[in-house]
Amino acid sequence: MTAIALQLFKFAINREPAGRVSLTPVTIKAVTADRIEFETALLLRIGATQDAAAFDALFNALAKKVYGYLIRSGGCTSADGENLLQDIWLTVWTKAGLFDPTRASARTWVFALARHALIDLKRAQSREHGVFETHFAEHADTAGMDEHYAERVDGDKTVAVLQQLAPEQAQVLVMAYVEGKSHREIARELGLPIGTVKSRLRLGFARMRTLLPGPA
Amino acid sequence: MNIGQHPDLAWLVDYSAGTLTRGFGAVIGGHLELCAECRAQLRLADRLGSRLVDDAPALTPRLQPATIRAAAAASGAYTSRPLAAPENQTNLRDYVAAKLGFDWQALDWRSGTAGLRIARLQDRDDERIWLLHGDAGAAMPKHTHGGAELTLILHGAYRTKDQRYGVGDVDENDEAITHQPVVTADSDCVSLLVFEGRLKYTGTLGLAQRVLKF
Ligand SMILES: [Zn+2]
């Protein structure tokens, strides 16, 4: 396992060495349905008329979160983070017409763009220079790094939510969404039968579903 | 539209995370066009994915929205809003042709075993993309797989030992499964077949495959 998943996962496991589900109460900040609908209305407006005010409002509502994700979860440098952020929001501005509100909320759509942009960057980096892999490989097993990372993500609700899953369920979800690996790649990498990965995804998904606020 | 056979949730997670390759993406995308149930699952998967990234702490970038608008104006990039096809009117044959970039009129159909024709859109070991046309009642040779295999039915229907697969249904198989789809008697059947590795035929065709190495 590589990079982010290793770090997140280690952190989650370290807290519960026996691999039990943590019962620490976690408050998941509920994003109100109103807010989600407002963002979606903004995105539809951008798609329909390329409304600059709507774009600026949506940017102000979401860009800090997206940037935080790129830097803190994605491990981007601020230069890479700014570049990706520009690509992502350029896509929002020029391709908002492709957004389908029956498929996703605006927030989900924008974060999907961010995830894909980050995955593309990581794949390109590991293909070309091995930078990403190397960087984390150098630091992955040092206690100091763990501590540093734990400090950085402590209080991060992502980790808190993941702690409510069995570690092996959290692991496959992180590999899928954060590392951008397909379920077959995950199976190969972990040396598991495909069926095992599928059932872990299904169980983790079912558990996460109960933790997600708001309408489906 | 009555969809009976769904892909495993793992494929929807892959779709949501953006990790599906071209062919598998077309199969899952085509199924989603017709399947409200899987669309609901996909929405959940998207929300879950967002949840995994959305909890990142907010950090203020230097980038300003006006910069992006200016950059876009300079490059003239803008995609106008497409007209969405009304629910259930999606023609899967049109959908996959658009998705995979081919023309139904310009396909290179080759005869396979009796009653079967194959057009190969992509033939790479990591992902083969074939279109299959079977006459009514035609049987595919019995085979197993070198990896994952997804079939999306675009027209007509076929049966395997335990199931019937009609338009929009996804038939999911892998190296552990040997099967022999047979086109139903009432109509011909067109399907999109995407798989890793090679099909491995069993029986006498398998013997021929080993000898002739196809
Ligand atoms: Zn379905």
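Here the structure is shown first, and the text comes after it.
Now for a quick tour of the structure.

Rules used throughout
Residues numbered from 1 in each chain as written. Chains lettered and ligands numbered in written order. Predicted model: local features only at pLDDT ≥ 70, side-chain atom pairs only at ≥ 80, totals over all residues. Heavy atoms only, no water. Helix = DSSP H or I, 4+ residues; strand = E, 2+ residues; numbered from the N terminus. Contact = heavy atoms within 4.5 Å. Areas by Shrake-Rupley, 256 points an atom, 1.4 Å probe, with all protein chains shown as cover. Salt bridge = Lys/Arg side-chain N within 4 Å of Asp/Glu carboxyl O. Buried < 20%, exposed > 50% of the residue type's maximum accessible area, 1.4 Å probe, protein only. Buried area = accessible area lost by both parts, 1.4 Å probe. Nonpolar A, V, L, I, M, F, W, Y, C, P; charged D, E, K, R; others polar. Donors = N, O, S within 2.8 Å, 3.2 Å for Na, K, Ca; no water. Tetrahedral: all angles 85-135°; square planar, octahedral: opposite > 155°, others 65-115°. Pairing = 2+ DSSP bridges.

1. A look at the overall build of chain B
Looking only at helices and strands, chain B has six helices and eleven strands in total. The contacts in chain B between residues at least 6 apart in sequence include a share of 68% that link residues at least 24 apart. Summed over its atoms, the accessible surface of chain B is roughly 9900 Å², and 50% of this surface lies on carbon and sulfur atoms.

2. A word on the pattern of salt bridges
Inspection of every chain in the model, using the stated rule, returns 13 salt bridges over all chains. One salt bridge connects A:Arg184 with B:Glu175, and the closest N-O pair in it is separated by 3.5 Å. Taken together, the residues span two chains, with A:Arg184 in helix 10 (residues 183-190) and B:Glu175 in the loop between strand 8 (170-173) and strand 9 (182-183). Overall, A:Arg184 belongs to the buried group, its relative accessible area being 8%. Each of the salt bridges in this network shares a partner with another, and the network as a whole consists of B:Arg120, B:Asp123, B:Asp125 and B:Arg128.

3. Some thoughts on the interface of chain A and chain B
On the chain B side, the residues contacting the 67 residues of chain A number 50 residues. Summed over both partners, the interface of chain A with chain B comes to about 5800 Å²; 61% of that surface belongs to carbon and sulfur atoms. On the surface where chain A and chain B come into contact, there are five salt bridges. Considering every element that reaches the side of chain A that touches chain B, the biggest residue donor is helix 3 (residues 52-73) of chain A, with twelve residues. For the side of chain A that touches chain B, the per-class residue count stands at 33 nonpolar, 16 polar and 18 charged.

4. Considering the side chain of B:Thr184
Residues and elements named next belong to chain B. Assignment of secondary structure puts Thr184 in the loop between strand 9 and strand 10 (189-195). Given a relative accessible area of 11%, Thr184 falls into the buried group. Thr184 has contacts with Ala136, Gly137, Ala157, Tyr158, Arg159 and Arg164, leaving out every residue within four places of it along the chain.

5. Structural notes on the coordination of the zinc ion
Ideal geometry at a metal centre gives angles of 109.5 degrees when four donors are arranged tetrahedrally and 90 or 180 degrees when six donors are arranged octahedrally. All names here are of chain B. At the metal site, the zinc ion is ligated by His6 (ND1), His31 (NE2), Cys35 (SG) and Cys38 (SG), and these contacts range over 2.0 to 2.4 Å. Given four donor atoms and angles of 98 to 115 degrees at the metal, the environment of the zinc ion is assigned as tetrahedral. Expressed as a motif, the donor residue spacing for the zinc ion is H-x24-H-x3-C-x2-C. Of the two residues, His6 is situated in the segment before helix 1 (9-17) and His31 in helix 2 (residues 22-34); the sequence distance between them amounts to 25 residues. Taking the relative accessible area as the measure of exposure, His6 reaches 27% and is therefore partly exposed. Its relative accessible area of 0% is what places His31 among the buried residues.

6. Remarks on unusual backbone geometry
Residues and elements named next belong to chain A. Of note, the phi angle at Gln50 is positive, near 45 degrees, even though the residue is not glycine. Summarising the element assignment, Gln50 is placed in the loop between helix 2 (33-49) and helix 3. Residue class for Gln50 comes out partly exposed when judged on its relative accessible area of 23%.

7. Digging into the pairing of strand 5 (residues 149-155) of chain B
Residues and elements named next belong to chain B. The buried fraction of strand 5 amounts to six of the seven residues, a majority that puts the element mostly inside the structure. Sheet analysis places strand 5 next to strand 8, joined by four bridges and oriented antiparallel. Bridge pairing in strand 8 places Glu149 opposite Asn173.

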